[in-house]
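# Close look at the chain arrangement
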Amino acid sequence: MSLHDDAVLVLKSYEDQEELRGLYLDHLDTHPDGMWKACHAGHVTASALVVDPEGGRVLLTLHRKLGMWLQMGGHCEPGDPTLASAALREATEESGIDGLTLLPVGPVRLDRHAIPSPCNWHLDVQYAALAPAGAREEISDESLDLRWFAYAEVPDVADESVVRLMERTRAAL
């Protein structure tokens, strides 16, 4: 099964955000290359919020290009067999934490956001990843900083999309 096919199956089984889910599915239906950065009409991305539920905190990255505190995530790559594996790969690469595990509920949220030209949109499929006990983060080249934030601190540092992702993740826990 191709990554494109997996994304369609994941989105068809996602039971929330019906209008946005439909937009994602329409995009993939009309753009066979809609999983890849080269698709200038927009492309599907995969991300994961790294969570330490026992510590009541989330790990955010200060994105190098955007200068914003965000969850880990990014573009799908040809070697990614599934959307979930792309999200887990991105979270592992950007956090430096081995042993992350995705919540088994599948995606916790969708978020469509505009990006600079030549592309137009990221159609982000957002997961939640649990950090193992004693996890130690390590900054990647894609980040200016990497920091744990208590749940209550997130609205003070991150935008509304990250706050909504955190809320949905906490509900899924």
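Refer to the structure above for everything that follows.
Our subject in this report is the structure included herewith. Worth saying up front: this structure is predicted, and the values here are computed from it rather than measured.

This next bit is on the state of the cysteines. Evaluation of the coordinates by the stated rule reveals 0 disulfides. Here Cys-76 stays unpaired: no disulfide links it, and the sulfur of Cys-39, its closest cysteine neighbor, is 12 Å away. The class for Cys-76 is buried, based on a relative accessible area of 6%.

Along strand E1 (residues 43-52), 10 of the 10 residues are buried, which leaves the element largely enclosed by surrounding structure. Going residue by residue along E1, you find His-43, Thr-45, Ser-47, Leu-49 and Val-51 tucked away on one face and Val-44, Ala-46, Ala-48, Val-50 and Asp-52 tucked away on the opposite face as well. Sheet analysis places E1 next to strand E4 (residues 72-75), joined by 4 bridges and oriented antiparallel. Each bridged residue has a counterpart across the sheet, and for Ser-47 the counterpart in E4 is Gly-73. Sheet analysis places E1 next to strand E2 (residues 57-63), joined by 3 bridges and oriented antiparallel. In the strand pairing of E2, Val-51 is matched with Val-58. Hairpin connection of E1 to E2: 4 residues between the antiparallel strands, including Gly-56 at a positive phi of 60 degrees.

Our focus in this paragraph is the packing of aromatic side chains. Enumeration over the complete set of coordinates arrives at 1 aromatic pair. Between Trp-69 and Phe-149, the aromatic rings sit 5.0 Å apart at their centres with planes inclined by 75 degrees, giving edge-to-face as the arrangement. Of this pair, Trp-69 sits in strand E3 (residues 69-70) while Phe-149 sits in strand E8 (residues 143-150), and the two are 80 residues apart along the sequence. Residue Phe-149 is classed as buried on the basis of its relative accessible area, which comes to 5%. Over the aromatic face of Trp-148 sits the side chain of Arg-57, whose NZ or CZ is 4.1 Å from the ring centroid.

Turning to the packing of helix H1 (residues 3-13) against helix H2 (residues 18-30), a few remarks are in order. As a packed pair, H1 and H2 sit with axes 10 Å apart at the nearest point and diverge in direction by 155 degrees. The angle between H1 and H2 places the two elements in the roughly antiparallel class. As H1 packs across H2, the resulting crossing turns out to be left-handed. Touching His-4, Ala-7, Val-8, Leu-11 and Lys-12 of H1 are Arg-21, Tyr-24, Leu-25 and Leu-28, all from H2.

Between side chains of opposite charge, a pair can form when the charged atoms approach closely. Tallied over the entire structure, the rule returns 10 salt bridges. The closest approach of N and O atoms between Glu-77 and Arg-89, which form a salt bridge, is 3.3 Å. With Glu-77 in the loop between E4 and helix H3 (83-95) and Arg-89 in helix H3, the pair connects residues that are 12 residues apart, well separated along the chain. Among the residues examined, Arg-89 registers a relative accessible area of 16% and is labelled buried.

Scoring rules and cut-offs
Residues numbered from 1 in each chain as written. Predicted model: local features only at pLDDT ≥ 70, side-chain atom pairs only at ≥ 80, totals over all residues. Heavy atoms only, no water. Disulfide = S-S within 2.5 Å. Buried < 20%, exposed > 50% of the residue type's maximum accessible area, 1.4 Å probe, protein only. Helix = DSSP H or I, 4+ residues; strand = E, 2+ residues; numbered from the N terminus. Pairing = 2+ DSSP bridges. Phe/Tyr/Trp six-rings, centres within 6.5 Å; stacked < 30°, edge-to-face > 60°. Lys NZ or Arg CZ within 6 Å of the ring centre and 35° of its normal. Axes fitted to C-alpha atoms, helices over the stretch in contact; angles between N-to-C directions. Parallel < 35°, antiparallel > 145°, perpendicular 65-115°, else oblique. Left-handed = near helix turned anticlockwise from the far one by under 90°. Contact = heavy atoms within 4.5 Å. Salt bridge = Lys/Arg side-chain N within 4 Å of Asp/Glu carboxyl O.

This is a description of form; function is not addressed.
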